[in-house]
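Next come the chains, spelled out residue by residue.
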Amino acid sequence: MNTLFKALNDPTRREILEFLKEKDLTAGEIADRFQISKPSISHHLDLLKQAGLVSAVKEGQFICYSLNTTVLDELLKWLMNFKNEK
């Protein structure tokens, strides 16, 4: 759970998730939307992947990233348990 919250804590990673909500993107397409280095974007993508928030599939020489909504669904269910315990 710590990995998940760490991944969501960063505004760049949250913005990446917003882009992936619209459609799947390659690492290069994601990097082109930011004014930071490609290695930095790669690091952000790796943390999102470790948290289970995105999945990555190698397509030829590119890696395509997709949003993994299952983890977000589980997080929301967990958070809603706190609301129901009043």
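In what follows, the accompanying structure is described. For clarity, every value in this text was computed on a predicted model and none was experimentally measured. (Residues numbered from 1 in each chain as written. Predicted model: local features only at pLDDT ≥ 70, side-chain atom pairs only at ≥ 80, totals over all residues. Heavy atoms only, no water.)

Details of the overall build of the protein chain
Step number 1: A count of helical and extended segments in the protein chain gives five helices and three strands.
Step number 2: Counting only C-alpha atoms, the protein chain reaches 50 × 25 × 20 Å along its principal axes.
Step number 3: Buried residues in the protein chain amount to 33% of all 86 residues.
Step number 4: Total accessible area computed for the protein chain in this model is approximately 6000 Å², and 51% of it derives from carbon and sulfur atoms.
Step number 5: Of note, the protein chain has its 12 positive side-chain charges centred 3 Å away from the centre of its 12 negative side-chain charges. (Helix = DSSP H or I, 4+ residues; strand = E, 2+ residues; numbered from the N terminus. Buried < 20%, exposed > 50% of the residue type's maximum accessible area, 1.4 Å probe, protein only. Areas by Shrake-Rupley, 256 points an atom, 1.4 Å probe, with all protein chains shown as cover. Lys, Arg positive; Asp, Glu negative; His and termini not counted. Charge placed at Lys NZ, Arg CZ, Asp CG, Glu CD.)

So, helix α4 (residues 38-50)
Step number 1: In a regular helix each residue adds 1.5 Å, so 13 residues correspond to 18 Å; α4 covers 18 Å between its end C-alpha atoms and thus fits that length.
Step number 2: Every buried residue belonging to α4 is among I41, H44, L45, L47 and L48, and all of these are buried. One side of α4 holds all its buried residues, which, seen down the axis, span an arc of 160°. Of the residues in α4, the exposed ones pointing more than 90 degrees away from the buried face are P39 and Q50.
Step number 3: Here the buried face of α4 lies against α1 (2-8), α2 (11-22), α3 (27-31), β2 (54-59) and β3 (62-67).
Step number 4: Two residues or fewer past α4, G52 is found with a positive phi of approximately 80°. (Expected span 1.5 Å × (residues − 1). Arc of directions from axis to C-beta. Contact = heavy atoms within 4.5 Å.)

Quick word on the environment of C64
Step number 1: Note that C64 resides in strand β3.
Step number 2: Looking at C64, the relative accessible area reads 11%, which means it is buried.
Step number 3: For the pair C64 and A27, spaced 37 residues apart in sequence, the C-alpha to C-alpha distance is 6.5 Å.
Step number 4: Once residues within four sequence positions are removed from consideration, C64 is found in contact with D24, L25, T26, S55, A56, V57 and E59.

Quick look at α2
Step number 1: Between its first and last C-alpha, α2 extends 17 Å over 12 residues, near the 16 Å set by a 1.5 Å rise per residue.
Step number 2: Of all the positions in α2, only T12, R13, I16, L17, F19 and L20 are classed as buried. Down the axis, α2 shows its buried residues gathered within 160° of arc, on one side only. Projecting away from the buried face of α2 at angles above 90 degrees are the exposed residues K21 and E22.

Examining a nonpolar patch on the surface
Step number 1: On the surface, a cluster of nonpolar side chains totalling about 590 Å² of accessible area is made up of M1, F5, L76, W78, L79 and F82.
Step number 2: Residue contributions to the nonpolar patch peak at four residues, all from helix α5 (residues 69-84).
Step number 3: Inspection of the secondary structure assignment puts M1 in the segment before α1. (Patch = residues over 30% accessible without salt bridge, like charges linked within 9 Å, V, L, I, M, F, W, Y side chains within 5 Å. Salt bridge = Lys/Arg side-chain N within 4 Å of Asp/Glu carboxyl O.)

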